[in-house]
Each structure stands twice: as structure tokens, then as C-alpha cells.
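These are the residues of each chain, in order.
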Amino acid sequence: MSSITDVYSPRTTFRCTRLRGAKVGSSVCQFCAVGCSQLGFFKDGKLIDVEGDPRSAVNEGRLCPKGSSTYALNDNPYRKVKPMYRAPGSDHWEEVTLDWMLDTVAKRIWDTRNKGFVEKDPATGITVNNCANIGFIGGSANDNEECYLFRKLFTGGLGILPVENSARYCHSTTVAALSPTFGFGACTNPPRDLLNSDCILIMGSNMAEAHPCAFYWPMQAKKKGAVTIHVDPRYTRTSAACDHHVHIRPETDIAFLSAVIRYILEKGLWFKEYVLAYTNASTIINSKFNFDDVTGLFNGWDPATRSYSKEPDSWDYEYEMNPDGSRGAPKTDPTLQDPHCVFQLLKKQVEKYTPEASANICGCRPCDIVKVAELLAQNSGPDRTSAFCYATGFTQHSAGSQIIRTCAILQMLLGNIGRPGGGILALRGHSNVQGATDIPTLFADLPNYIPLPKVAEGNATLKDYLANGHGFSGARNKADGMWKLETERGSWASLPNYMVSLLKAWYGDYAMKENEYGFQWLPKLGGNESLTVTIERAKKGEVDGLLVFGQNIAVTNPNTGWGRTAIRNLKWLVVCDLFENETASVWYADPNGPKPSEVQTEVFYLPTNSCLEKDGSVSNTERLMQWHDRIKEAPGECRSDAWWTYQLGKRLKAMAEASGLPRDEGLRSLTWSYDMPQGKQNEMGLPPIEGDCDLDAVAYEMNGFDMVTGKPIQGSGGLNRSKAPVN
Ligand code: SF4
């Protein structure tokens, strides 16, 4: 909390009579992942204004029209502020009490989970302790602490596999492209760093309208002399504000970027010292590796499975041999002349993308491609850098990963990664889509991208899992090659630290060396449990219940008719939201839907809090984590998503205690004590909410702490492997 004199000049304070005497709390805009910092002004028990925070390095006090509407989002007559229940076949909502709602929803979850719970995989006999007849779909504007509670309760406690959020639809392709390229599947630079750029190429994004406060930085760079380019099928406000606009056909980004790469290689415009020092261009690839010149498909393509499942070992480097006969380091050719070095293979791959050929594909002129290539090359090198910005115009294509990967190759050729003003800015959508991915509410990962154990012999025990459970290498040679490099020197070398620390955080004193730290209580994953698959399974009647916290899946699914039909096929649906959205009202308000009497889905509506009405943290597009304060009281009986989850968890744990069954041991052991300490004061002087969850305690657990001293650890390097012996 600040006083108004901290955030405004004395002159403004004097003139700003409306805000004089108001208390000020910090918040973060909920509308997009730029993560603009906000100030909420609170007076006489009421929120009176929301402004941009002038102290913030993200937005320096600015808010775009979306962020400026934060006040109206909160003080909104359309909010439903009472818990509501809709019975099967009914044509109306009934208002219910908080206790009735919690008891009934907990019972539905418990009964459904008991019906669908699988203890042993029938095929292998491996302990799996999973359940897939309930789904949980979180929002990507949920706070980090809320996402952690979701994952902990629904996966770690109940064994539910389909736990997802809307990041599945937006930037999955970014992670698949940037993570293997840079070891980091997110935005490489903060938007503010665009001030250091000499050229900024925006593709697949209408940045001026979708991320307005981030677009401020390229415009400032332009004032300093930077060249700005927009390549996009549409002429938008972004095009209008940039120096150059190149119009291309939708879905032709790879042809465009490949032609730029080809031109830069042909004319020798790439940054040779950088490429040799910081990329794998000189590395020799396995002689069996190849690709089809016409289709572009690599060897190992299996048309039957439509995947690269054949010949996995050819996707590797050639290695030197050590004197003892073991494999040594990957072979390199610093002259870049070896026909099987990465550089020559890249040249071969882009050879067909002449400016003329690509212009024909893209619907632009060859000179447009040459112009963009020249501008990028002129503004890259030892003393200049260029940056790329993209958003869902890249990611939401079936070839999204390949588009982004092509962009990454281009930036590495030009020496634009890891340098001020360079980089690739993956502009993310919702306020915490990055955090919801990192924590995460995504089916295949545990927090910090620890892979969820699989239904496989190699994951049957914790020891097996730590040897085989890594994410990247798939079927490659485990004795040496990339697998060995990744597990010995890469981040996977720390997997035992991460995994055992997580198990200790989730199961506390019950996680012991003797019981594999509770490893068997984690559900094991047998297949794809993504959001789209879960909706399809709901349509087939394989999912009985769905909890939707902070997402409107009746609108956001790629095929709304298909999605709405699937939702109406559920036995029960829980929607936790600020508004009675299309998902909550799918039983009566779908213009193409059946009559309410024909919809047998029970619907539970949990009214929730806005960002200003709860504490918590969000991670913006640059992975900057910002805390927001609870600065106003929520209306009616709205409660935060964390409150609902915490209270549901308490009831479910009580049911597990009562059952006494071995399969409920994980839920019984789950640490779930986040009661707000007696007398803990809200900084804005707001009264405590009965039954609220102490988000400081959740954040402390998420960060990790030394179990002897209780001190928070300073980073993942603070995890001590020697304290986590594994049998
Ligand atoms: S740019 Fe994004 S975070 Fe900033 S005010 Fe606008 S919507 Fe909010």
C-alpha cells in the first residue's frame, strides 16, 4: 500500500481532488500479458478509480482502453454475485448458500472420481492411481498461487489427469519451437528492450491493438531511428504505424521467412563470428539424417502415424571417439563446408525459396522479400540488433512451431539472440498465461516443467522415473548421444532435486525415502489428456464432470457447436467466473441449442473475485512476476478461485479421511493448511474473509524453502540433492 504522495507529484496531488485522501493499492491489469501495473484508489469503503502505475517499468503509468476499463469490470451490474444451481432439465437458476454449494460440488467430485479411479494399469499392472472421467479447465488469468492449488489438489490429491488451461490453444507452439532452440520456451526479451532495437519486425500480431502498451516501445524505438516493419495479411493499425507493411497470404509465413534466410545466406549477410561461436551451425549431423527436397519431410516420417517415429537415432550429431572407444564430443567443421554440417543442411533446405518462388506463394512481390531481408541484415551485426515480435498469428496454425522455429533460425543467423534489442518476443495473451504454463495447469507437466510420470515400465518407480522420465529425448540412444548430454549437463540433471522437492511440498512429512516420497500417489499419464481431447471425450460420454475456473470454453473452443454439445453431454458442470458466461448458460442461452428441459446437465455457478478483490501474483509475457493486492471487497458472496479450491479441498480431504481406503492415501497425505493466521491484517484495512486461504503461505511453498531453517530458497540452485536420497 502506498500513499498518494508516493505515486504522484506534489502538483498533481494538490490538483487531483477526487483522489485526495484515498488509499492506494497495487494491482496488475487482467486483460493481457503485457502486465501493466495499476493503482487502485480506495476511499470510504469503495473503489473510486483505477490508474496506470507511473512507477512501473512495464507501462510507466500508461493503460490502454482495455486496462482503463478495469474499474467498469469490477463495478459491473452484470456480475452474478450469488452461488447458483441449475438442476437437470430445469429452466431456471436457484440461489444457494456457500455451504450447500461446497458440500454438493465436493460430493459430485468425490463420487465421480470414485467411479472412474484406476489403481493399476490393466495391461502392465503398473500402479497408475489416475482418473480421467473428470476434467479441470483453468483460466490463464488465474493467479500463480491459484494454478498451484488447482494442480496440487486435482492432480496430486485426486489423481485427475485432464487438468488444462487456455494456454493449450495459444502458445503451445511457442514452447515446442523456442524451448528446443534456446532451452527457454518463452519471450526472450522484455518489450521495453525494443528501445534498444535498430529494426523491429512484427509478424503474426496486431500489436498496436492487442498489446497496446507494449507497442509503445517499438514506437519509441522508431522515434530514435529504428526501422519498423509489419508483415501481415491484413492492413491494421500496426501496419499504419510502422514504416513498412508487407501483405502476405495467410499461412505463408514459412515461405516468406525461408526466402529471407536464403537471401541472407546467398549474399553472405549473416553474422559469421556469432554463428560460429553461439550456434550449432558447424556441428556435423548423423549421416543417415536427410530430408525430401520436394515435401520437406525429414527421414523417419511415418505416414501411418503422421509422426517422426522411425529412425530416431539418425536425428543426432556425429561424435568423436574417445581413446577408450566411448563417444566423445559432437564433431564440428568450423569451415562450415561439410555437406552434413547444420549450416549446409540449412542452405539445402531453403534453396528452393527464391524471392520469386516465395513471392508466388505469399502473394507479395519478390522485392518485398528482398527489402525485408536487406533491412534486417543492415540492422543486425556486431553493433546493431533487430527484434521479432509475434503473437497468435504465428502460433494458432497447425505449422505454428515450424513458423516460430524458422524465425528463431533467422535471428540466430543474424546474431540477434542474447543481445540488447535482439530477440524474439512471443507476445502472450492473458495476464497470467505464462504463469499458468509454468506452474502449470497443463496435463503433461508438473510445476517447473517436471514431466508427469507415464504409464510405462521406465516410470514404474521413482528411481526408474528419474532415470527415464525426462521430456525431450524420446526414443533416442540413452547410453550416449543427446540423451546423455541432456541428463548429465542440462537442466534434466536437476530432475531428482525438483521432483523430490515437489513431492515433499505436496505430501509433507508423509513423503519419505521409504515410500518413494509419495511418488506412487501421483497419477500416471497414459495418453493425450489435452483440452481438445477432453472435450471430444465429453462429447462421447466418457467425461462425467467438468470444472471450469476462469475460462469460457463455450466460446473459446475451435468449433463452438461441437464444444457446446459436449458440455451439454456432461452429468455435471461447475463454472467459476465473474460473469454468467456462455459456458454457464449453455443449457438455455445457446441460440442453436436444445430446450432447457432436454439438457440433463447439473450446473453449478460459483461467483468469483476480480484481480482487485484478491491477493496473488501473475507472470507477464516477459516472465516478470508481479504481486497484486486485495484492494476492494468483492460484492455479494463472490469468493476467489483460491477460496473455492481451498474449501473444496478441505471437504474432499475429510472424505478421504473417512474412506480409509489405500487409494485415498495421497489425498489424505496432501498438505493443505493455508488458513489465514488470526489477526493477519489486510493492508487496505479490509475485513478478513471467513475461510480465506493465505496466499502468502502458498507463494512461500511454491518458491521452496529450506526444511531445516525455514528460509525461502533463492533459486533452483538452492535445492540440495544430497538431502533427497532415492532408493
Ligand atoms: S496493454 Fe494489456 S496489460 Fe496493458 S493496459 Fe492494455 S490490456 Fe492491460
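Residues numbered from 1 in each chain as written. Predicted model: local features only at pLDDT ≥ 70, side-chain atom pairs only at ≥ 80, totals over all residues. Heavy atoms only, no water.

Asker: Summarise the sheet that holds strand E15 (residues 386-390); cite the residues concerned and give the values.
Answerer: The strand order across the open sheet formed by five strands is E12-E11-E10-E15-E16, and the pairing between neighbours is parallel. Both edges of this open sheet fall to strand E12 (244-246) and strand E16 (424-426), since each of them pairs with a single strand only. In this sheet, adjacent strand axes meet at a mean angle of 20° when their direction is disregarded. As judged from the four bridges shared by strand E10 (residues 199-203) and E15, these two strands associate in the parallel manner. Its bridge partner lying in E15, cysteine 199 is registered against serine 386. (Pairing = 2+ DSSP bridges. Helix = DSSP H or I, 4+ residues; strand = E, 2+ residues; numbered from the N terminus. Axes fitted to C-alpha atoms, helices over the stretch in contact; angles between N-to-C directions.)

Asker: Can you tell me about the pairing of strand E7 (residues 127-130), naming the residues and giving the values?
Answerer: Within a regular strand, the side chains alternate between the two sheet faces. Alignment of strand E6 (residues 118-120) against E7, held across two bridges, turns out to be antiparallel. When the bridges of E7 are listed, lysine 120 appears paired with threonine 127. Between the antiparallel neighbours E6 and E7 lie six residues, among them glycine 125 with a positive phi of about 80°.

Asker: Run through the site of the ligand, naming residues and quoting values.
Answerer: Around the ligand, a shell composed of Cys29, Phe31, Cys32, Val34, Gly35, Cys36, Leu63, Cys64, Lys66, Gly67, Pro212 and Cys213 is seen. For the shell around the ligand, the elements supplying multiple residues, two or more each, are helix H3 (65-68) and helix H10 (212-223). For the shell around the ligand, a count of residues per class yields nine nonpolar, two polar and one charged. (Near = heavy atom within 4 Å. Nonpolar A, V, L, I, M, F, W, Y, C, P; charged D, E, K, R; others polar.)

Asker: Residue-level account of the packing of aromatic side chains, with values.
Answerer: Tallied over the full model, the rule gives 28 aromatic pairs. An angle of 70° between the planes, with centres 6.4 Å apart, marks the rings of tyrosine 148 and tryptophan 506 as edge-to-face. Within this pair, whereas tyrosine 148 is found in helix H6 (residues 144-157), its partner tryptophan 506 is found in helix H22 (residues 495-507), the two being separated by 358 residues in sequence. Here the aromatic cluster, defined as three or more aromatic residues joined through ring pairs, consists of Phe289, Phe291, Phe298, Trp301 and Tyr308. A cation over a ring is seen here: arginine 62 above tyrosine 216, with NZ or CZ 3.4 Å from the ring centre. Above the ring of phenylalanine 117, the side-chain terminus of arginine 113 is found at 4.4 Å from the ring centroid. (Phe/Tyr/Trp six-rings, centres within 6.5 Å; stacked < 30°, edge-to-face > 60°. Lys NZ or Arg CZ within 6 Å of the ring centre and 35° of its normal.)

Asker: Just give me the short version of the domain arrangement of the chain, but keep the residues and values in it.
Answerer: If you check the domain split of the chain, you get domain 1 (4-75) and domain 2 (172-284 + 332-426). For domain 1 and domain 2, the distance between their C-alpha centres works out to 36 Å. With ten residues of domain 1 in contact, the opposing surface of domain 2 contributes nine residues. The interface formed by domain 1 and domain 2 holds one salt bridge in total. (Domains from an automatic or database assignment. Contact = heavy atoms within 4.5 Å. Salt bridge = Lys/Arg side-chain N within 4 Å of Asp/Glu carboxyl O.)

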